[in-house]
Every structure is written in C-alpha cells, then in structure tokens.
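# What the coordinates show
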Amino acid sequence: MMNSTSRPISSSYAETTNVVMPNDTNTQGNLFGGRLLQWLDISCAISAHRHCKQVVVTVAVNHVGFDRPIKLGDFVTIHSHVSRAFGSSMEVWSDVSVEDQQTGEKIPCNSAIYTFVAVDHEGRPVQVPDAVPGNATEQERYNGALRRRQLRLILSGKMKPEEATELKALFQPAS
Ligand SMILES: CC(C)(COP(=O)(O)OP(=O)(O)OC[C@H]1O[C@@H](n2cnc3c(N)ncnc32)[C@H](O)[C@@H]1OP(=O)(O)O)[C@@H](O)C(=O)NCCC(=O)NCCS
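Per chain, the residues get numbers from 1 upward, laid out in the order the sequence is written. Predicted model: local features are reported for residues with pLDDT of at least 70 only, side-chain atom pairs are reported and counted for 80 or more only, and whole-chain, interface and lining totals are derived from all residues.

### Looking at the overall build of the protein
- Counting from the N terminus, the helices are the DSSP runs of H or I reaching at least four residues and the strands are the DSSP runs of E reaching at least two. Broken down by element type, the protein carries three helices and seven strands.
- The order of α-helices and β-strands along the protein, N terminus first, is β-β-α-β-β-β-β-β-α-α.
- For the protein, the C-alpha radius of gyration of 17 Å lies close to 16 Å, the compact-globule estimate for 175 residues.
- Projected onto its principal axes, the C-alpha coordinates of the protein cover approximately 50 × 40 × 35 Å.
- With C-beta atoms placed from the backbone, a contact is any residue pair whose C-beta atoms sit within 7 Å. If you take every contact in the protein between residues at least 6 apart in sequence, the share linking residues at least 24 apart comes to 70%. It is over C-alpha atoms that the radius of gyration is taken, and the globule rule equals 2.2 Å times the number of residues to the power 0.38.

Structure below.
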C-alpha cells in the first residue's frame, strides 16, 4: 500500500541500449563481462536514483549470471528497476536481452542484482522511500529481497547468521 514515504516500483524503471563495439569484446569476439557490469551499474544507478531522488552509490554487486554469449554488433538492452527499498539501501534488479536484428525479437540473456545506498553531500547514508510492487514479477522479486539482503549482509560480515530470521525460515518450515 502507498503512503507519503513510498513510491511505486514502476517509477524506478530504466531502459538502456548499447551496441557491442570491437573495444567491448574479449578474444572470442564476445562482449566481455566487465563491460556488461559497467552498463548494468549505470542502468541500476539510474533506477535507484529515480526511486529516491538522491545521490546513490553502488555498495554491492550481488548476482550476475552470464547465461549466453553476447556477440560483436549485438544490440544489448537492459531493463532495471528497484525491487525493494530498506533503510538507506535499495536492491536493484536488471534484465538483459539482445535483439534479433531481422525480427526485432528480444532474447533474454541474463539478469543481475545490485545494491545501492542513497547518500547526502558528505557521503553519509540517508533514508529512502519504500518501494511498492505493482505487478506479479515486481511482487515476487520484492518478496525474495529480504532474504537476499540477509544473505549478502552475512557474506559481508555485517549480520550474524542467527539474526537472519527470514533466511532461516526457508530451511526451518513452521511446524
Ligand atoms: C555505501 C556506504 C556509504 C555505506 O556506509 P556504511 O558506513 O557501511 O553505512 P551503514 O553501515 O549505515 O550501511 C548503510 C546501508 O548500506 C547497507 N550495506 C552496507 N554494506 C553492505 C553490503 N556489503 N552489501 C549490502 N548492503 C550493504 C547497510 O545494510 C545499510 O542499509 P540499510 O540502511 O538499508 O539498512 C559506504 O560503504 C561507501 O561509501 N562505500 C563506497 C561506495 C562507492 O564508492 N561505490 C562505488 C564503487 S567503487
């Protein structure tokens, strides 16, 4: 439900398209992973900023899968959106596709999850509005975001495993 400190997830939507040029490729002639990470970082930052209207910084790259090679000359489109906002941090989800240049069909390639933090002019974290899901995909990603947050905070040493109640519930169903 929306309130004065919440925004619909749809207001964070960002779409970017890049063409894979020769200096974006590895020795196999495929897009190299580091360039895709850069494009993802920019797209996710736009989404995070659209959500909170503050300066944002990348605090973690949580998941990137490279499910299929992306070729020289491909049109690479990234759709990003905030999947959930917490205190000052936001989980941002990206879906990557390439375009069949004969038919225009969009072929899914991979997805990625980044975490951003909103900061003030001195780089200190500031509160962000809640993100409110509006469709089934947004709701599913929103629902899973809390346990992903707990997992990444455990992995970065910022949370004790015993505090990760949402995550533990996955393995200990209520009796
Ligand atoms: C992001 C930054 C401001 C956070 O500062 P901090 O002192 O860790 O602040 P806090 O401990 O209060 O954490 C702030 C938020 O970041 C989250 N966070 C911190 N480390 C995290 C990590 N490794 N993974 C996910 N979230 C993390 C915290 O959970 C908290 O979120 P919440 O407010 O929603 O609960 C600081 O780490 C920073 O400036 N990092 C560099 C960012 C940067 O330069 N990025 C560009 C890449 S080079």
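Structure's up, so let's keep going.
### Things to note about the site of the ligand
- If you check the shell around the ligand, you find 17 residues, and the closest are F86, G87, S88, S89 and S156.
- Of the residues contributing to the shell around the ligand, the split by class is eight nonpolar, seven polar and two charged. Whether a residue is near a molecule or strand depends on its C-beta atom, placed from the backbone, lying within 6 Å of it. Three residue categories are used. Nonpolar comprises Ala, Val, Leu, Ile, Met, Phe, Trp, Tyr, Cys and Pro, charged comprises Asp, Glu, Lys and Arg, and polar comprises the others, including Gly.

### Thoughts on the nonpolar core
- Grouped together as the largest cluster of nonpolar side chains are 28 residues, with contacts concentrated most on A48, V76, V82, M90, V92, Y114 and F116.
- Contributing elements (two or more residues each) for this core: α1 (33-52), β4 (75-85), β5 (89-99) and β6 (106-119).
- Looking at this core element by element, the count peaks at seven residues for β6.
- Setting aside chain neighbours within four positions, we find Y114 in contact with L40, D41, C44, T58, A60, V61, N62 and V92. For our purposes the nonpolar core covers buried Ala, Val, Leu, Ile, Met, Phe, Trp, Tyr and Cys residues that link as a set through C-beta atoms within 7 Å. To sort residues by exposure, count the other C-beta atoms lying within 10 Å of each residue's C-beta; 20 or more gives buried, 12 or fewer gives exposed, and values between give partly exposed, all with C-beta atoms placed from the backbone.

### A short note on the pairing of β6
- Two strands qualify as a pair provided DSSP detects at least 2 bridges between them. One ladder, built from eight bridges, connects strand β3 (residues 55-64) with β6; its direction is antiparallel. Residue A60 lies in a different strand from β6, and its bridge partner there is T115.
- Here β5 runs beside β6; their pairing, made up of 11 bridges, is antiparallel. Note that in β6 the partner of M90 across the bridge is F116.
- The turn joining β5 and β6, which pair antiparallel and follow one another in sequence, is formed by six residues; a positive phi near 85 degrees is taken by G104.

### Brief notes about the sheet that holds β4
- The sheet built from five strands is open, its strands ordered β2-β4-β5-β6-β3 with antiparallel pairing. The open sheet has two free edges, formed respectively by β2 (14-19) and β3, since each of these has just one partner strand. Each neighbouring strand pair of the sheet contributes to a mean axis angle of 30 degrees, computed without reference to strand direction.
- Looking at chain direction, β4 and β5 are connected through nine bridges and run antiparallel. What sits directly across from A85, in β5, is M90.
- Along the sheet, α1 makes contact with β2, β3, β4, β5 and β6, crossing β4 at roughly 40 degrees.
- Here an angle of 0 to 180 degrees is reported between the N-to-C directions of two axes, which are lines fitted to C-alpha atoms, with helices fitted over the stretch in contact. The sheet contacts of helix α2 (residues 136-155) involve β3, β4, β5 and β6, and relative to β4 the element is tilted by about 80 degrees.

### Examining α1
- Here the expected span of a helix is defined as 1.5 Å times the quantity of residues minus one. Under the 1.5 Å per step criterion, the end-to-end length of α1 is 28 Å for 20 residues, consistent within 8% with the ideal 28 Å.
- The set of residues buried in α1 consists of L36, L40, S43, C44, S47, A48, H51 and C52. Down the axis, α1 shows its buried residues gathered within 155 degrees of arc, on one side only. Across α1 from its buried face, at more than 90 degrees, point the exposed residues G34 and Q38. What the arc describes is the spread of directions from the helix axis to the C-beta atoms.

### Quick notes on the environment of P22
- Among the secondary structure elements, P22 is positioned in the loop between β2 and α1.
- Judged by C-beta crowding, with 8 C-beta atoms within 10 Å, P22 ranks as exposed.

### As for α2
- With 20 residues, α2 ought to run about 28 Å at 1.5 Å a step, and its terminal C-alpha atoms sit 29 Å apart, in line with that.
- By the largest-angle criterion, A145 marks the main kink of α2, which is about 35 degrees.
- Residues of α2 that are buried: E138, R141, Y142, A145, R148, R149 and R152.
- Considering only its buried residues, α2 is in contact with β3, β4, β5 and β6.
- Phi turns positive one or two residues past the end of α2, at G157, with a value near 75 degrees. We define the bend at any residue as the angle between the axes fitted to the seven residues before and including it, ending there, and the seven starting there.

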